[in-house]
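# An overview of the molecular structure
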Amino acid sequence: MKKFTQAIVKRPCRNMIHGLTSAGLGIPDFQKALVQHDGYIEALKQCGLEVTILDADERFPDSVFIEDIALLTPECAIIMLPGAPSRMAETDGMESVLKRFYTNIESIQPPGNIEAGDIMMVGPHFYIGLSERTNQAGATQLISILKRYGLTGSLVKLKKLLHLKTGVSYLEENNLLVSDAFFNDPEFTNFDKIMVDDDEAYAANSVWINGKVLVPKGFPKTTRKIQNRGFDVISLDVSEFQKLDGGLSCLSLRF
Ligand code: CIR
């Protein structure tokens, strides 16, 4: 099943060691991060994607987490406005990159803030997490932009998690990978849920791409559950990005 054809990634920068984090897992090893990023790019290619690789940008320690900077839908691209002050200007230059792929490019304006790690696409509907990075003004703007393109959005309140997709991932065909934080959330009652145990919570951020699922390495129970649903799993070591609270989805834009 082919749905996505393209991906955009941004190389990690040396300054990633100064990235935002609450993980308490230590400082990332830059060389190791480069190797893990190479592996990630290979996996995207294995899923049939053509990968555009942007250069590292030392001004922004967290810029490898490019997912947060734009929402790419089949109808339009929307440039976000991150809520983290150190990440706000990561959007510079994004428009010229997106112009290669999109004619319809929109953007979130102040006082709105959104990081696209808070947005989960389920067909033409977009779930938007209200978090410390994404505010009501940003979500309202996004919903009205989506509406102009025949798409819809709804809000999900977050407790504790960094981003919506830190705790929930859509694996297509109604399959929803959920951590405890969302298991009983009324927004998600009608999905066929795959429960992620608390001791594997990081694996709740896994990524469906064209029938395969990228799952972080070292989470055997979640890996097995996803395989049992019939998915071909690609396990990837992303330990250096986990140290910065970043998951697999954060490392690319897929469209
Ligand atoms: C941050 O705090 O912004 C980065 N250290 C991690 C961003 C992770 N992005 C994501 O979950 N989409």
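Presented here is an overview of the structure given in this document. (Residues numbered from 1 in each chain as written. Predicted model: local features only at pLDDT ≥ 70, side-chain atom pairs only at ≥ 80, totals over all residues. Heavy atoms only, no water.)

## Concerning the overall build of the protein
In plain terms, the rule: A helix here means a DSSP run of H or I that spans at least four residues, while a strand means a run of E at least two residues long, and both kinds are numbered starting from the N terminus. It is over C-alpha atoms that the radius of gyration is taken, and the globule rule equals 2.2 Å times the number of residues to the power 0.38. Working definition: with a 1.4 Å probe on protein chains only, accessible area under 20% of the residue-type maximum means buried, over 50% means exposed, and in between means partly exposed. Any two residues having at least one pair of non-hydrogen atoms within 4.5 Å are treated as being in contact. All accessible areas in this document rest on Shrake-Rupley with a 1.4 Å probe, and a residue is counted as covered only by the protein chains that are shown. In this tally Asp and Glu are treated as negative and Lys and Arg as positive; neither His nor the chain ends contributes. Every charge is mapped onto a representative atom, which is NZ of Lys, CZ of Arg, CG of Asp or CD of Glu.
Along the backbone of the protein there are seven helices and 15 strands. The C-alpha atoms of the protein give a radius of gyration of 17 Å, which matches the 18 Å a tight globule of 255 residues would have. Among the 255 residues that make up the protein, the fraction classed as buried is 58%. Pairs at least 24 residues apart make up 69% of the contacts formed inside the protein by residues separated by at least 6 positions. Accessible area of the protein: about 11000 Å², with a carbon and sulfur share of 50%. Separation of charge centres in the protein, based on 27 positive and 32 negative side chains, amounts to 2 Å.

## A closer look at the site of the ligand
The line we're drawing: Summary of the distance rule: residues count as near a molecule or strand when at least one heavy atom falls within 4 Å of that molecule or strand. Polar contacts here mean pairs of N or O atoms no more than 3.5 Å apart (in protein, one a potential hydrogen donor and the other a potential acceptor; neighbouring residues in sequence count only if both atoms are side-chain atoms). For each structure, a 1 Å grid was placed over the protein atoms alone; sets of points admitting a 1.4 Å probe that cannot get out are labelled cavities, open sets with protein on both sides within 12 Å along at least five of seven lines are labelled pockets, and lining residues have an atom within 4 Å of a point. Whether a molecule lies in a cavity or pocket depends on its atoms, and more than half of them have to be within 2 Å of the grid points. Polarity classes work like this: nonpolar for Ala, Val, Leu, Ile, Met, Phe, Trp, Tyr, Cys and Pro, charged for Asp, Glu, Lys and Arg, and polar for all others, with Gly in that last group.
The environment of the ligand is made up of 14 residues, and the closest members are L20, D62, D68, L244 and C250. Taking D62, its side chain carries an N or O atom lying 2.8 Å from a nitrogen atom of the ligand. Between E67 and the ligand, the recorded distance is 3.2 Å, taken from a side-chain N or O atom to a nitrogen atom. Coverage of the ligand by the protein amounts to 98% of the 350 Å² it exposes when considered alone. Taking a 2 Å distance to the grid points as the criterion, the majority of the atoms of the ligand fall inside the largest pocket. Looking at the shell around the ligand residue by residue, the class counts come to five nonpolar, three polar and six charged.

## Observations concerning the sheet that holds strand β6 (residues 119-122)
Heads up, the condition is: Only strands joined by at least two bridges in the DSSP assignment are considered to pair. A fitted line through C-alpha atoms serves as each axis, taken over the contacting stretch for helices, and the angle formed by two N-to-C directions is quoted from 0 to 180°.
In spatial order, the strands read β6-β7-β8; together these three strands make up an open sheet with mixed pairing. The open sheet has two edge strands with one neighbour each: β6 and β8 (152-157). Direction aside, neighbouring strands of the sheet carry axes that sit 25° apart on average. Across four bridges, the pairing between β6 and strand β7 (residues 125-130) is antiparallel. Across the sheet, the residue bridging to V122 is H125, located in β7. Set on the sheet, helix α3 (residues 136-148) makes contact with β6, β7 and β8; between it and β8 the angle comes to about 160°.

## Brief notes about the environment of R87
Within the fold, R87 resides in the loop between β4 (77-79) and α2 (94-98). The class of R87 is buried, set by a relative accessible area of 3%. Between the alpha carbons of R87 and D62 there is a distance of 7.0 Å; along the sequence they are 25 residues apart. Within the structure, the side chain of R87 is placed 3.2 Å from the backbone oxygen of D62, a separation counted as a polar contact. Among the polar contacts made by the side chain of R87, one reaches the side chain of D68 at a distance of 2.8 Å.

## Observations concerning helix α1 (residues 30-46)
We count it as follows: Given a helix with a known number of residues, its expected span is that number minus one, times 1.5 Å.
The end-to-end C-alpha distance of α1, which contains 17 residues, comes to 24 Å, matching closely the 24 Å that a straight helix rising 1.5 Å per residue would cover. Within α1, the full set of buried residues consists of F30, A33, L34, Q36, H37, Y40, I41, A43 and L44. A distance of 3.0 Å separates the backbone nitrogen of Q31 from a side-chain oxygen at the start of α1, and that oxygen is part of D29. Positive backbone phi, at 90°, marks G48, one or two positions downstream of α1.

## Describing the sheet that holds strand β2 (residues 50-54)
Spatial ordering of the open sheet is given by β2-β1-β15, a layout of three strands whose pairing is mixed. The sheet is open, and its two edges are formed by β2 and β15 (253-254), each paired on a single side. Looking at chain direction, strand β1 (residues 6-10) and β2 are connected through five bridges and run parallel. Along β2, the bridge assignment pairs K10 with L54. On top of the sheet, α1 reaches β1, β2 and β15; it is set at about 175° to β1, its chief contact.

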